[in-house]
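For reference, the chains in residue letters:
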Amino acid sequence: VQLQASGGGLVQTGGSLQLSCAGSGCSFETYLMAWFRQALGKEREFVAAITYSGSSTYYADSVKGCFTISRDNAKNTVYLQMNSLKPEDTAVYYCVVERHVREGSYNLMHEYDYWGQGTLVTVSS
């Protein structure tokens, strides 16, 4: 399983970015897909997750209403649309996939075995 994240960059406060993460090595139709992020000097934290069919999504409170996670199983790709960005959203964003995640544990890093390399998002004030 390989994950390639892209779409990061520099944006001003209030701007938008869309991250993409393309997977290869297998079909991700039966995998839960998610995003985590890590700011400099801080612990890695959960951002959003989406179930296999895309019927359910989960968000960290800090991004709810501003970020939207979606997926295209035909392309083995997960997206993160980020709107109304703030300087505190500056971080390296990682996509993750996992076939089996315990109910209610979507936000826990140790539930995920497959991690992408990360893409840097910088929000200037």
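It should be emphasised that the depicted structure is a prediction, and the values quoted were computed from it without experimental measurement.

Cut-offs used in this document
Residues numbered from 1 in each chain as written. Predicted model: local features only at pLDDT ≥ 70, side-chain atom pairs only at ≥ 80, totals over all residues. Heavy atoms only, no water. Helix = DSSP H or I, 4+ residues; strand = E, 2+ residues; numbered from the N terminus. Buried < 20%, exposed > 50% of the residue type's maximum accessible area, 1.4 Å probe, protein only. Phe/Tyr/Trp six-rings, centres within 6.5 Å; stacked < 30°, edge-to-face > 60°. Pairing = 2+ DSSP bridges.

Some details on unusual backbone geometry
- If you check the backbone angles, Asn76 has positive phi at about 55 degrees while not being a glycine.
- By the secondary structure assignment, Asn76 is in the loop between β7 (67-72) and β8 (77-82).
- For Ser84, which is not glycine, the phi torsion reads 50 degrees and is therefore positive.
- Its location among the elements puts Ser84 in the loop between β8 and β9 (91-98).
- On the basis of relative accessible area, Ser84 is assigned to the partly exposed category, the value being 41%.

Concerning the packing of aromatic side chains
- For the coordinates displayed, the defined rule picks out seven aromatic pairs.
- Ring centres of Phe28 and Tyr31 lie 5.2 Å apart, and the angle between their planes is 75 degrees; this geometry places the pair in the edge-to-face category.
- Note on Phe36 and Phe46: the rings are 5.6 Å apart at their centroids and 75 degrees apart in plane angle, and the pair reads as edge-to-face. Pair noted here: Phe36 is in strand β4 (residues 32-38) and Phe46 is in strand β5 (residues 45-50), with a separation of 10 residues, a long-range link.
- Exposure remark for Phe46: the relative accessible area of 11% places this residue in the buried category.
- Counting every residue linked through ring pairs, the aromatic cluster contains Phe36, Phe46, Tyr94, Tyr112 and Trp115.

Some words on the pairing of β8
- Most of β8 sits out of view: five of its six residues are buried.
- Relative to β8, strand β3 (residues 17-24) runs antiparallel, the two being bridged by six bridges. Bridge assignment links Ser20 to a residue of β8, and that residue is Tyr79.
- Relative to β8, β7 is paired through six bridges, and the arrangement is antiparallel. Opposite Ile69, over in β8, you have Leu80 as the bridge partner.
- In this antiparallel pair of consecutive strands, β7 and β8, the connection spans four residues, and Asn76 shows a positive phi of 55 degrees.

Focus on the environment of Phe36
- Classification of Phe36 as buried rests on a relative accessible area of 1%.
- Counting along the chain gives 60 residues from Phe36 to Val96, while the straight-line C-alpha distance between them is 7.6 Å.

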